[in-house]
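So you can see what is in the structure, the chains are spelled out below.
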Amino acid sequence: MKDLKKLSEECISELRQLGIQPGVIKRWYVETNTTRRWGVCKRERSSREFEIGISASLLEDHVDDIQVKNTIIHELLHTVDGCSGHTGKWKMLAQKVNAVFPEYDIKRLSSEDEKGVHKKHRYMLECTECGAKIYRDRMSNAIKHPEKYKCAVCKGVLKRVY
């Protein structure tokens with residue numbers, strides 16, 4: 001498993017090089033029971049301190065360090081004043097990081113394919129137009145009737161692969 005402390009320190013250093021001052025991180029932790037997100041940033045109610053969790057599947061040895069650091073920086077940007085969402089100042093800072101460090105691709109969402117994480121899911125839908133893949137572990141209306149839904153990327157028709 002990758003060293004979360006080392007990678008997070010590298011990310012904080014890189015942000016400071018750009019003049020971006022992350023908030024106070026009270027605790028870093030590994031999320032072991034998440035299937036739908038790569039990371040999470042939680043602000044303590046009574047203070048200006050944060051807790052950041054990173055998915056255990058992202059910290060596996062076969063995942064590229066850059067992909068892990070993409071997620072860490074994404075979450076660190078949420079600790080900057082005025083960056084609780086994914087628009088406005090957060091988006092501007094993400095673009096700044098991407099411009100100075102071209103190896104990064106800080107954005108709102110990333111797929112398993114982009115991250116290089118391949119978990120086995122019970123169900124998969126695929127867009128017949130652009131090939132985007134949607135993975136699910138639970139039965140849903142989209143799994144039962146994919147023809148009633150459209151691809152979020154290109155609005156193409158979805159089909160159930162498994």
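Residues numbered from 1 in each chain as written. Predicted model: local features only at pLDDT ≥ 70, side-chain atom pairs only at ≥ 80, totals over all residues. Heavy atoms only, no water.

Asker: How would you summarise the sheet that holds strand 4 (residues 123-127) if you had to cite specific residues and measurements?
Answerer: Spatially, the three strands line up as an open sheet ordered 5-4-6, and their pairing is antiparallel. Pairing within the sheet leaves two strands with one partner each, and these edge strands are strand 5 (133-136) and strand 6 (158-160). Mean inter-strand twist for the sheet, computed between neighbouring axes without regard to direction, equals 25 degrees. Direction of pairing for strand 4 relative to strand 6: antiparallel, over a ladder of three bridges. Bridging from a neighbouring strand, Glu126 pairs with Lys159 of strand 6. (Pairing = 2+ DSSP bridges. Helix = DSSP H or I, 4+ residues; strand = E, 2+ residues; numbered from the N terminus. Axes fitted to C-alpha atoms, helices over the stretch in contact; angles between N-to-C directions.)

Asker: Account for the nonpolar core, with residues named and values stated.
Answerer: In terms of nonpolar packing, the biggest core is built from 30 residues, with Ile20, Ile72, Ile73, Leu76, Leu77, Val97 and Ile106 touching the most fellow members. Mapped by element, the contributors of at least two residues to this core are helix 1 (4-17), strand 3 (49-55), helix 2 (65-77) and helix 3 (89-100). Once you skip the residues sitting within four places of it in the chain, Ile106 turns out to touch Asn70, Ile73, His74, Leu77, Trp90, Ala94, Val97 and Asn98. Among the nonpolar cores identified, the runner-up in size contains seven residues, and Leu125, Cys127, Ala142 and Leu158 belong to it. (Core = buried A, V, L, I, M, F, W, Y, C linked by side-chain atoms within 4.5 Å. Buried < 20%, exposed > 50% of the residue type's maximum accessible area, 1.4 Å probe, protein only. Contact = heavy atoms within 4.5 Å.)

Asker: Requested: an account of the sheet that holds strand 1 (residues 24-31), with residues and values cited.
Answerer: Read across the sheet, three strands follow the order 1-3-2 without closing on themselves; strand pairing throughout is mixed. The open sheet has two edge strands, strand 1 and strand 2 (39-43), and neither has a second partner. For this sheet, the mean angle separating the axes of adjacent strands, direction not counted, is 20 degrees. Looking at chain direction, strand 1 and strand 3 are connected through seven bridges and run parallel. Pairing of Tyr29 across the sheet is with Gly53, part of strand 3. In the packing of helix 1 onto the sheet, contacts are made with strand 1 and strand 3, and the angle to strand 1 comes to roughly 140 degrees. Contacts from helix 2 reach strand 1, strand 2 and strand 3, with the element oriented near 155 degrees to strand 3.

Asker: Break down helix 3 for me, with residues and values.
Answerer: Under the 1.5 Å per step criterion, the end-to-end length of helix 3 is 17 Å for 12 residues, consistent within 8% with the ideal 16 Å. Within helix 3, burial applies to Trp90, Leu93, Ala94 and Val97. The arc enclosing the buried residues of helix 3, seen along the axis, measures out at 105 degrees, which places them on a common side. For helix 3, the elements touching its buried residues are helix 1 and helix 2. (Expected span 1.5 Å × (residues − 1). Arc of directions from axis to C-beta.)

Asker: Which residues make up the side chain of Glu31, and what are the values?
Answerer: Take Glu31: it is sitting in strand 1. Excluding residues within four positions of it along the chain, Glu31 makes contact with Arg37, Val40, Gly53, Ile54, Ser55 and Ala56.

Asker: Account for the packing of aromatic side chains, with residues named and values stated.
Answerer: One pair of aromatic rings is described through two measures. These are the centre distance and the angle between the planes. Summed over the entire model, instances satisfying the criterion amount to one aromatic pair. The interplanar angle of 65 degrees and the centroid separation of 5.8 Å between the aromatic rings of Phe101 and Tyr104 together place this pair among those described as edge-to-face. The class for Phe101 is buried, based on a relative accessible area of 13%. (Phe/Tyr/Trp six-rings, centres within 6.5 Å; stacked < 30°, edge-to-face > 60°.)

Asker: Summarise the pattern of salt bridges; cite the residues concerned and give the values.
Answerer: Using the criterion set out here, one finds 12 salt bridges in the structure. With its nearest N and O atoms 2.1 Å apart, the salt bridge here joins Arg48 to Asp81. Placement of Arg48 in the loop between strand 2 and strand 3 and of Asp81 in the loop between helix 2 and helix 3 is noted, with a sequence separation of 33 residues between them. Salt bridges here are not isolated pairs; linked through shared partners, they connect Lys6, Glu10, Glu14 and Lys69. (Salt bridge = Lys/Arg side-chain N within 4 Å of Asp/Glu carboxyl O.)

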